Amino acid sequence: MNVRDLSRTTLDAWLRVTRLPLDAASQLLPNGDHGPRTPVMLVVDRLDATIRDRVGMLLGDDVLQEDARKRRVAADERQRALELRLDAERKKQESDARLAKQQEAADARREQAERAATQQKQAVEHEREQHTQEIEKSAKKQQQAVEEAERRQKATSERKAKEQRLRVLDTQADALEVEDDALTARDEALRLKKAASATKAARKRSS
C-alpha cells in the first residue's frame with residue numbers, strides 16, 4: 001500500500017468516524033419529503049465530498065478527487081430528486097386544492113340547483129293549487145247557476161201549472177154558473193107553468 005492509498009484509507013476512516021454522530025443524530029429527525037433528515041444528510045454528504053476534494057487537491061490524489069466528484073454528483077442527483085418530489089407534492093397539493101375548490105363550487109351549484117328546483121316545484125304546486133281552486137270556484141258558480149236556472153224553471157213550471165189549474169177552475173166555475181143559471185131558468189119555467197095551470201084550473205072552477 002503506497003502513501004496515497006494509506007492517506008485515502010485514513011481519510012475515509014476519519015470521515016466515517018466524524019460522520020457517525022451526525023448520521024446517528026439525523027436518524028432521530030423526521031423522515032419524508034417534508035422532513036429535515038434528507039436535507040441534513042445532503043449537507044453532510046456535500047461536506048464529505050468537499051473535504052475529500054480538498055485533501056485530494058493537497059495530495060494530488062486524482063482518485064480521491066474523482067471520488068469527491070462522484071459524491072457531489074450523487075448528492076446533486078438526490079437534491080434534484082428531492083426537489084422533483086417536492087415539486088410533484090406541491091403540484092399535487094395545488095391540484096387537490098383546485099379539485100377541492102371545484103368540488104365545493106360543484107356542491108354549491110348543486111345546492112343552488114336543488115334550491116331552485118325546490119322553489120320551482122313549490123311555485124308549480126302553488127300555481128296548481130290556485131288553478132284547482134279557480135276550477136272548483138268556477139265549477140261551484142256553474143253549479144249554482146244550473147241550480148238557479150233549475151229553480152227558476154221549476155218556479156216557472158209551477159206558476160204555469162198553477163195558472164193552468166186556475167184557468168181550469170175558472171172554466172169549471174163558468175160551466176157551473178151556466179148550469180146553475182139553466183137550472184134556475186128551468187125551475188122558474190116550471191113555477192110559471194104551475195102557476196098558469198093553477199090559474200087556469202081556478203078559472204074553470206069559477207065558471
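Calculation criteria
- Residues numbered from 1 in each chain as written.
- Predicted model: local features only at pLDDT ≥ 70, side-chain atom pairs only at ≥ 80, totals over all residues.
- Heavy atoms only, no water.
- Helix = DSSP H or I, 4+ residues; strand = E, 2+ residues; numbered from the N terminus.
- Buried < 20%, exposed > 50% of the residue type's maximum accessible area, 1.4 Å probe, protein only.
- Contact = heavy atoms within 4.5 Å.
- Salt bridge = Lys/Arg side-chain N within 4 Å of Asp/Glu carboxyl O.
- Patch = residues over 30% accessible without salt bridge, like charges linked within 9 Å, V, L, I, M, F, W, Y side chains within 5 Å.
- Areas by Shrake-Rupley, 256 points an atom, 1.4 Å probe, with all protein chains shown as cover.
- Lys, Arg positive; Asp, Glu negative; His and termini not counted.
- Charge placed at Lys NZ, Arg CZ, Asp CG, Glu CD.
- Polar contact = N/O pair within 3.5 Å; in protein donor to acceptor, adjacent residues only side chain to side chain.
- Expected span 1.5 Å × (residues − 1).
- pLDDT = per-residue confidence, 0-100.

A. Region of interest: the overall build of the protein chain. The number of helices and strands found in the protein chain is 3 helices and 0 strands. Listing the helices and strands of the protein chain from first to last along the sequence gives α-α-α. Out of the 207 residues belonging to the protein chain, those deemed buried represent 11%. For the protein chain, restricting intrachain contacts to residue pairs at least 6 apart in sequence, the fraction spanning at least 24 positions comes to 54%.

B. Layout of the pattern of salt bridges. For the coordinates displayed, the defined rule picks out 18 salt bridges. A salt bridge links Arg52 to Asp48; the shortest N-O distance between them is 2.4 Å. Here the residue Arg52 and the residue Asp48 both occupy positions in helix H2 (residues 37–59), the gap between them amounting to 4 residues, near one helical turn. A salt bridge links Arg52 to Asp67; the shortest N-O distance between them is 3.4 Å. With Arg52 in helix H2 and Asp67 in helix H3 (residues 62–206), the pair connects residues that are 15 residues apart, well separated along the chain. Each of Asp48, Arg52, Asp67 and Arg71 takes part in a single network of salt bridges with overlapping partners.

C. Expanded view of a negative patch on the surface. The grouping of Asp170, Asp174, Glu177, Glu179, Asp180 and Asp181 at the surface amounts to a negative patch. The residue Asp174 is located in helix H3 in this model. Residue classification places Asp174 among the partly exposed positions, given a relative accessible area of 45%.

D. Expanded view of the side chain of Asp45. Looking at where Asp45 falls in the secondary structure, it is placed in helix H2. Only 2.2 Å separates the side chain of Asp45 from the side chain of Arg78, close enough to count as a polar contact.

E. Highlighting the side chain of Asp53. Within the secondary structure, Asp53 sits in helix H2. If we ignore the near neighbours within four places in the chain, the residues touching Asp53 are Gln65, Ala68 and Arg72.

F. Focus on H3. In this model, H3 (145 residues) spans 209 Å end to end at C-alpha, consistent with the 216 Å of a helix rising 1.5 Å per residue. Looking at H3, one finds that the buried residues are Leu64, Ala68, Ala75 and Leu82.

G. Region of interest: the confidence of the model for the protein chain. With 83% of its residues at a pLDDT of 70 or more, the protein chain has an overall mean of 80. No element of the protein chain has a lower mean pLDDT than helix H1 (residues 3–27), at 62, and none a higher one than H3, at 86.

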